[in-house]
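These are the residues of each chain, in order.
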Amino acid sequence: MSVNKVILVGNVGKDPEVRHLEGGVTVARFTLATNETYTDKSGKKVTQTEWHNIVVWRGLAEIAEKYVKSGKLLFVEGRIRNSSYEDKDGNKRYTTEILCDNFRFLGPNTSQGEKPSTYNGAQENNAVAAESDAEIPQPDDDLPF
């Protein structure tokens, strides 16, 4: 068994670049910045920013096109994909992307008084937003697990 699962929380670096492919398939690409802050040996706080290339497909990409904007705080779930290609000069280039399965808006950029919404790849056919804070029914037994 193997697992390829990524969870990121960060700020959108730029508005999505959206393409509409043959057959009506939509793909959106944007960057997401995550920050790590630590104290170095001299006691100075240092913030290191990591940039991630996010790729969103189909109905989820259409939602991203409408609502994902530069600066928004986003929770992203997906999987890592590494690939290589040759550039125009014949040099081999490598890229790492996060194939987004779902995302959720976080922070003060959500509408006033609204809960953050989760957009899930499983819902992309009807582009319905699901509230992930919905109450989950609990079993009536006393099992410890």
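Look above for the structure.
What counts, and at which threshold
- Residues numbered from 1 in each chain as written.
- Predicted model: local features only at pLDDT ≥ 70, side-chain atom pairs only at ≥ 80, totals over all residues.
- Heavy atoms only, no water.
- Phe/Tyr/Trp six-rings, centres within 6.5 Å; stacked < 30°, edge-to-face > 60°.
- Lys NZ or Arg CZ within 6 Å of the ring centre and 35° of its normal.
- Helix = DSSP H or I, 4+ residues; strand = E, 2+ residues; numbered from the N terminus.
- Contact = heavy atoms within 4.5 Å.
- Pairing = 2+ DSSP bridges.
- Salt bridge = Lys/Arg side-chain N within 4 Å of Asp/Glu carboxyl O.
- Buried < 20%, exposed > 50% of the residue type's maximum accessible area, 1.4 Å probe, protein only.

K.L.:
Would you mind showing me how to read the packing of aromatic side chains here?
P.N.:
Any pair of aromatic rings gets described here by the distance separating the centres and the angle formed by the planes. Taken as a whole and assessed by the stated rule, the structure comprises one aromatic pair. When the ring centre of Phe105 is taken as reference, the NZ or CZ atom of Lys72 above it lies at 5.4 Å.

K.L.:
Explanation requested: the environment of Arg93 in the structure shown.
P.N.:
Checked against the element boundaries, Arg93 lands in strand 6 (residues 92–106). Once the C-alpha coordinates of Arg93 and Ser83 are considered, the two residues, 10 residues apart in sequence, prove to be 8.5 Å apart. Setting aside anything within four residues of it in sequence, one finds Arg93 in contact with Ser83, Ser84, Tyr85 and Asp87.

K.L.:
Looking at this model, I keep getting lost on the pairing of strand 3 (residues 26–39). Mind explaining?
P.N.:
A regular strand carries its side chains on alternate faces of the sheet. Two elements, strand 1 (residues 6–12) and strand 3, share two bridges in a ladder whose sense is antiparallel. Residue pairing for strand 3: Val12 is matched across the bridge by Leu32. Across four bridges, strand 2 (residues 17–20) lies against strand 3 in antiparallel orientation. Within the sheet, the bridge partner assigned to Arg19 lies in strand 3 and is Val27. Where strand 2 hands over to strand 3, the hairpin turn is made up of five residues, of which Gly23 adopts a positive phi near 80°. Where strand 3 meets strand 4 (residues 45–57), 13 bridges bridge the pair, whose relative direction is antiparallel. Bridge pairing in strand 4 links Ala28 to Val56.

K.L.:
Which parts of the structure should I look at to understand the pattern of salt bridges?
P.N.:
Two side chains of opposite charge can pair, provided their charged atoms sit close to one another. One pass over the structure, following the stated rule, counts six salt bridges. Where Lys14 meets Glu17, a salt bridge forms, and the shortest distance between an N and an O atom there is 2.9 Å. We classify Lys14 as partly exposed; its relative accessible area is 35%. Accessibility expressed as a relative area gives 47% for Glu17, which makes it partly exposed. One connected set of salt bridges, linked through shared partners, spans Arg29, Arg81 and Glu97.

K.L.:
Which parts of the structure should I look at to understand the environment of Trp57?
P.N.:
Assignment of secondary structure puts Trp57 in strand 4. Its relative accessible area of 29% is what places Trp57 among the partly exposed residues. Along the backbone, Trp57 and Arg19 are 38 residues apart, and their C-alpha atoms lie at a distance of 9.9 Å.

Note that every value here comes from positions in space, so none of it alone points to a role or purpose.
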